[in-house]
Amino acid sequence: MYAQQQTVAVLDETDLYISSLPEVTEWCYSASGKDAIAVGLITKPMFTLSAINAFRESVKKALTDMGYARVEVTTDADLYYAISKQGKQGTAEQVERLCDMAQKRR
């Protein structure tokens, strides 16, 4: 008889914070330690650009307060895909590249 293995998802402080946001339906991120983090968000509809920008800035500030040196938050679907493909752990160069892409698309 085989022992059944259960995979337990371990949530870190970043996952816990983002999952607590009622505006967010899905998220992904790629981080290189506390040096840099690129966050992709899929949110409930927000109808003004100012609301979207204010929300992204509030998430960025909260992650900066958690100790990340560079934070880029995006709601761009193409970048969301690139970030999710990269995975949560990335090299500094990979995460910086994602951050640069997010910064250019603002």
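Residues numbered from 1 in each chain as written. Predicted model: local features only at pLDDT ≥ 70, side-chain atom pairs only at ≥ 80, totals over all residues. Heavy atoms only, no water.

Where do I start with the confidence of the model for the chain in this structure?
Residues with a pLDDT of 70 or more make up 90% of the chain, whose mean pLDDT is 89. Of the regions scoring below 50 in pLDDT, residues 1–10 engages in one contact with residues more than four places distant in sequence or in other chains. (pLDDT = per-residue confidence, 0-100. Contact = heavy atoms within 4.5 Å.)

Hey, could you run me through the environment of Leu 41 in this one?
Looking at the element boundaries, Leu 41 is found in strand 2 (residues 36–43). C-alpha of Leu 41 to C-alpha of Thr 74: the two residues are 33 residues apart in sequence and 6.2 Å apart in space. Here Leu 41 is in contact with Ile 18, Val 24, Glu 26, Trp 27, Phe 55, Val 59, Val 73, Thr 74, Thr 75 and Tyr 80, once residues within four sequence places are set aside. (Helix = DSSP H or I, 4+ residues; strand = E, 2+ residues; numbered from the N terminus.)

How should I be thinking about the sheet that holds strand 2 in this particular structure?
The strand order 1-2-3 describes an open sheet built from three strands, whose pairing is mixed. In this open sheet, the two strands that pair with only one neighbour each are strand 1 (24–32) and strand 3 (70–74). In this sheet, adjacent strand axes meet at a mean angle of 15 degrees when their direction is disregarded. Looking at chain direction, strand 2 and strand 3 are connected through five bridges and run parallel. (Pairing = 2+ DSSP bridges. Axes fitted to C-alpha atoms, helices over the stretch in contact; angles between N-to-C directions.)

Please clarify how the pattern of salt bridges should be interpreted in this entry.
One side chain can pair with another of opposite charge once the charged atoms of both are near each other. If you walk through the whole model with that rule in mind, you get eight salt bridges. The salt bridge partner of Lys 34 is Glu 13, with a shortest N-O separation of 2.7 Å. Separated by 21 residues along the polypeptide, Lys 34 in the loop between strand 1 and strand 2 and Glu 13 in helix 1 (residues 13–19) bring together distant segments of the chain. Here Lys 34 falls in the partly exposed class, since its relative accessible area comes to 35%. Here Asp 65 and Lys 61 are joined by a salt bridge, their closest N and O atoms 2.9 Å apart. Taken together, the residues span about one helical turn, with Asp 65 and Lys 61 both in helix 2 (residues 49–65) at a distance of four residues. Here the two residues Asp 65 and Lys 61 agree in accessibility, since each one is exposed. Within the structure, one salt-bridge network assembled from shared partners comprises Arg 70, Glu 72, Glu 96 and Asp 100. (Salt bridge = Lys/Arg side-chain N within 4 Å of Asp/Glu carboxyl O. Buried < 20%, exposed > 50% of the residue type's maximum accessible area, 1.4 Å probe, protein only.)

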